[in-house]
Amino acid sequence: MAKARFKPNNKSIGAMLRSAKMEQEMVERARLIVSYAQADAPHDSGEYAESFEIDSGQSGSPIQLGTGDRAWAKIRNGSEAAAPLEFGNRRVGEGQRILGRAIDQVSRE
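For clarity, every value in this text was computed on a predicted model and none was experimentally measured.

Chemist: Give me the overall build of the protein: which residues, what numbers.
Modeler: Along its length, the protein carries 5 helices and 4 strands. In the protein, the order of α-helices and β-strands from amino to carboxyl end is α-α-α-β-β-α-β-β-α. Rg of the C-alpha trace for the protein: 18 Å, well past the compact-globule value of 13 Å for 109 residues, more than 25% over. Dimensions of the protein, computed from C-alpha atoms along their principal axes, come out at roughly 65 × 30 × 25 Å. Within the protein, the proportion of its 109 residues that are buried is 26%. Summed over its atoms, the accessible surface of the protein is roughly 8,200 Å², and 51% of this surface lies on carbon and sulfur atoms. Positive and negative side-chain charges of the protein, numbering 16 and 15 respectively, have mean locations separated by a distance of 14 Å.

Chemist: Requested: an account of unusual backbone geometry, with residues and values cited.
Modeler: Of note in the backbone geometry, Arg97 takes a positive phi value of approximately 55 degrees without being a glycine. Positionally, Arg97 belongs in the loop between strand E4 (93-94) and helix H5 (98-108). Taking relative accessible area as the criterion, Arg97 reaches 39% and is therefore assigned partly exposed.

Chemist: Hey, could you go over the packing of helix H2 (residues 20-40) against H5 for me, with residue numbers and the actual values?
Modeler: With their axes 8 Å apart at the nearest point, H2 and H5 run at an angle of 130 degrees to one another. Regarding the angle of H2 to H5, the classification is oblique. The chirality of how H2 crosses H5 is right-handed. Within the contact between the two elements, H2 uses Arg29, Leu32, Ile33, Tyr36, Ala37 and Asp40 and H5 uses Ile98, Leu99, Arg101, Ala102, Ile103, Gln105 and Val106. The class makeup of the residues in the contact of H2 with H5 is 9 nonpolar, 1 polar and 3 charged.

Chemist: Lay out the nonpolar core with the relevant residues and their values.
Modeler: Among the nonpolar cores identified, the biggest contains 13 residues, and Ile33, Ala37, Tyr48, Phe52, Ile98 and Leu99 are the most heavily contacted of them. When residues of this core are traced back to their parent elements, those giving at least two are H2, helix H3 (47-50), helix H4 (82-87) and H5. It is H5 that contributes the most residues to this core, 4 residues altogether. What Tyr48 contacts, discounting residues up to four positions off in sequence, is Ala41, Pro42, Asn77, Ser79, Ala81, Ala82, Leu85, Glu86, Ile98 and Leu99.

Definitions and cut-offs
- Residues numbered from 1 in each chain as written.
- Predicted model: local features only at pLDDT ≥ 70, side-chain atom pairs only at ≥ 80, totals over all residues.
- Heavy atoms only, no water.
- Helix = DSSP H or I, 4+ residues; strand = E, 2+ residues; numbered from the N terminus.
- Rg over C-alpha atoms; globule rule 2.2 N^0.38 Å.
- Buried < 20%, exposed > 50% of the residue type's maximum accessible area, 1.4 Å probe, protein only.
- Areas by Shrake-Rupley, 256 points an atom, 1.4 Å probe, with all protein chains shown as cover.
- Lys, Arg positive; Asp, Glu negative; His and termini not counted.
- Charge placed at Lys NZ, Arg CZ, Asp CG, Glu CD.
- Axes fitted to C-alpha atoms, helices over the stretch in contact; angles between N-to-C directions.
- Parallel < 35°, antiparallel > 145°, perpendicular 65-115°, else oblique.
- Left-handed = near helix turned anticlockwise from the far one by under 90°.
- Contact = heavy atoms within 4.5 Å.
- Nonpolar A, V, L, I, M, F, W, Y, C, P; charged D, E, K, R; others polar.
- Core = buried A, V, L, I, M, F, W, Y, C linked by side-chain atoms within 4.5 Å.

Structure follows, in structure tokens:
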């Protein structure tokens, strides 16, 4: 029986990773994460839940993981409560990891 061989076409794989379709998929994943985070967020004032924003692009990843350009999407929250809610501090105690749990949920789907 002959052994199967795979020779990757790196130029085509790179083009796929930088494509508009890949960026669309990254944005859709980010939107799903935000929807889980908003549902899980405390709604005392609603400010934290309404402060999520998504940025995206097709090259020059702001995340700086690995090498090479890729399509990307980044979630951020400009609320002053974002870091204390996620990571905790002396005033609020242990972080609730709201965004982290949302990412975990989407990863399991």
